[in-house]
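# Report on the structure
Residues per chain are reported as follows:
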Amino acid sequence: SASHQRVEVGGAAPYRIDIAPGLLDDGARLAAHLRGRHALVVSDSQVAPLYAQRVRAALAAVRPDARLALHVFDAGEASKTLANFSGVIDALAALGATRDACIYALGGGVVGDLAGFAAACWMRGIDCVQLPTTLLAMVDSSVGGKTAVDIAQGKNLVGAFHPPRAVIADTASLRTLPPRELRAGFAEVIKYGAIVDAPFLDWLEAHADGLLAGDDALLAEAIARSCRHKAAITERDPFEHGERALLNFGHTFGHAIETEQGYGGLNHGEAVAVGMVLAARLSTALGLADAADGARLRGLLRRFELPTGLPAGLDPAALVARMRLDKKAQGSGLRFVLWDGAGKARVVADVDEAAVRAVLQD
Ligand code: NAD
Ligand code: ZN
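Remember, it's a predicted structure, so these values are computed and weren't measured experimentally.

Next up on the list: helix α2 (residues 48-62). One full turn of an α-helix is made of 3.6 residues, so residues set three or four places apart face in the same direction. A rise of 1.5 Å per residue sets the reference length of α2, with its 15 residues, at 21 Å; its end C-alpha atoms lie 21 Å apart and thus fit the reference within 8%. Buried residues of α2: Ala48, Tyr51, Ala52, Val55, Arg56 and Leu59, and no others. For α2, the angular spread of the buried residues around the axis is 135°, confining them to a single face. The exposed residues of α2 that point more than 90 degrees off its buried face are Pro49, Gln53 and Ala57. Check the buried side of α2 and you find it contacts α1 (27-31), β3 (38-44), β4 (67-73), β5 (102-107) and β6 (127-132).

Once that is clear, we can look at the domain arrangement of the protein. As far as domains go, the protein holds domain 1 (5-176) and domain 2 (179-361). At the interface, 24 residues of domain 1 touch 25 residues of domain 2. Elements with a contribution of two residues or more to the side of domain 1 that touches domain 2: β1 (5-9), β2 (15-20), α5 (135-141) and β8 (154-161). The element contributing the most residues to the side of domain 1 that touches domain 2 is α5, with five residues. Of the residues belonging to the side of domain 1 that touches domain 2, the class tally is 15 nonpolar, seven polar and two charged.

The next subject is the site of ligand 1. Around ligand 1 sit 28 residues in total, of which Gln46, Gly108, Gly109, Thr134 and Ser141 are the nearest. Elements with a contribution of two residues or more to the shell around ligand 1: α4 (109-121), α5 and β8. The residue makeup of the shell around ligand 1, split by class, is eight nonpolar, twelve polar and eight charged.

Read from one edge to the other, the open sheet built from seven strands follows the order β1-β2-β9-β6-β5-β3-β4, with strand pairing classed as mixed. Edge strands, defined here as strands with exactly one partner in the open sheet, are β1 and β4. Here the average twist between neighbouring strands, direction ignored, is 15°. In this structure, β5 lies alongside β6, joined through six bridges in parallel fashion.

Before going further, it helps to examine the environment of His268. Position of His268 relative to the elements: it lies in helix α10 (residues 268-285). Between the alpha carbons of His268 and Leu106 there is a distance of 20 Å; along the sequence they are 162 residues apart. Residues within four places of His268 in sequence aside, it is in contact with Ala184 and Glu258.

Our focus in this paragraph is the pairing of β2. Direction of pairing for β1 relative to β2: antiparallel, over a ladder of five bridges. Across the sheet, Glu8 pairs through a bridge with Arg16, a residue of β2. Linking two consecutive strands that pair antiparallel, namely β1 and β2, is a turn of five residues; a positive phi of about 100° is found at Gly11 within it. Pairing between β2 and strand β9 (residues 166-170): five bridges, direction parallel. Bridging from a neighbouring strand, Ala20 pairs with Asp170 of β9.

What follows concerns the pairing of β8. The pairing of strand β7 (residues 146-151) with β8 spans five bridges and is classified as antiparallel. By the bridge assignment for β8, Ala148 is matched with Gly159.

A negative phi angle is the norm for most residues apart from glycine, just as the trans form is the norm for most peptide bonds. Even without glycine at this site, Met123 takes up a positive phi of about 50°. Mapped onto the elements of the fold, Met123 is located in the loop between α4 and β6. Its 12 C-beta neighbours within 10 Å are what place Met123 among the exposed residues. Unusually for a residue other than glycine, Asp350 sits at a positive phi of about 55°. Mapped onto the elements, Asp350 comes out in strand β11 (residues 345-351).

Under the local residue numbering, the UniProt record ascribes the feature "binding site: NAD(+)" (unreviewed entry) to Gly109, Val110, Val111, Gly112, Asp113, Thr133, Thr134, Lys146 and Lys155. For Thr133, the location among the structural elements is in the loop between β6 and α5. Under the C-beta neighbour-count criterion, Thr133 is labelled buried, with 29 such atoms within 10 Å. Discounting chain neighbours no more than four positions away, the residues touching Thr133 are Val47, Tyr51, Leu106, Gly107, Gly108 and Ser173. Looking at the secondary structure, you find Lys146 in strand β7. C-beta crowding within 10 Å serves as the criterion here: with 22 such atoms nearby, Lys146 is assigned to the buried category.

Rules behind the numbers
Residues numbered from 1 in each chain as written. Chains lettered and ligands numbered in written order. Predicted model: local features only at pLDDT ≥ 70, side-chain atom pairs only at ≥ 80, totals over all residues. Helix = DSSP H or I, 4+ residues; strand = E, 2+ residues; numbered from the N terminus. Expected span 1.5 Å × (residues − 1). Buried ≥ 20, exposed ≤ 12 C-beta atoms within 10 Å, placed from the backbone. Arc of directions from axis to C-beta. Contact = placed C-beta atoms within 7 Å. Domains from an automatic or database assignment. Nonpolar A, V, L, I, M, F, W, Y, C, P; charged D, E, K, R; others polar. Near = placed C-beta within 6 Å. Pairing = 2+ DSSP bridges. Axes fitted to C-alpha atoms, helices over the stretch in contact; angles between N-to-C directions. UniProt positions renumbered as here; feature names shortened; annotations may be inferred.

In structure tokens, the structure reads:
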């Protein structure tokens, strides 16, 4: 049906992404990836009460022989720690998980990253099925094979490349997602249009109301199109030596805003929305793109109720200092993903700091 979309991801370890309402109850689909007898569902304190029992029951119905366990940690980015990674490892050990065990990562990007990293490490790598329940996880974190935890020195500093065995995205689960989290996910969706798919921006503009209202067929289409872009880019550049950097459009500014504001400020998607507007403005200041492209992008972000201006009280000099420290800013100068207009992004090194400051002060 129109609300069931599939994306095939190629590369060294190919897998499939299925997107449709109701998939968390599809025991046969979930169990198809359980090669052995041990299954560990990993989730957080927010998502587990909503969905974990359904996933367990669906699996158990098809695989009554399986040893199923549920491991839950506190919801939130603060939980993406080595301590909670150890907790997942302990749960696998307690289950007696063998090398044919499977982890089902049920939740947003925090669960996906942490559980995926545990799957990468247990017995040097077991299967992980991603069951993303946030829009961001469906279009971004569950695809591409990056897993990680945070340490005091920074986010995602400890991790591994470990592609999932499958991604199963139940669009109906987005109905319980806080609206602010849903909108934040759309910032990443819009990002794909901005960097490689200008017609997608028109499509998003035309369907904004239905998407924000949670129309399953529209959501499935937007998620599939986003996943196709992420999959294509990561297939061509799995270890982030080149093209994959384009996925960071809006993120150099965004990360600086996030870290400078600290907890309680803009969330990731919101910061990326502002960051994309700034990246577009910087592109125009450097003579790469027309101001009209930036204005259209800003209009689309507003349509999805995302912020497009720098939050009050942020010091441009402090933001520039943060960007200099960004781990993705290799070499000496500031490095940005800029664009030549909708759908045409590129990496630009050694960007003039004065131009960046001017854009921030605008
Ligand atoms: P998240 O996992 O913290 O989820 C956001 C909040 O929504 C949490 O409180 C969660 O409990 C709750 N939630 C999740 N699904 C829900 C549902 N269906 N109903 C109700 N509540 C629900 O955050 P996120 O935005 O999904 O992911 C952010 C993380 O993803 C970050 O740690 C980031 O580093 C990571 N990430 C990884 C990659 C990658 O390539 N691996 C890419 C982008 C982001
Ligand atoms: Zn992002």
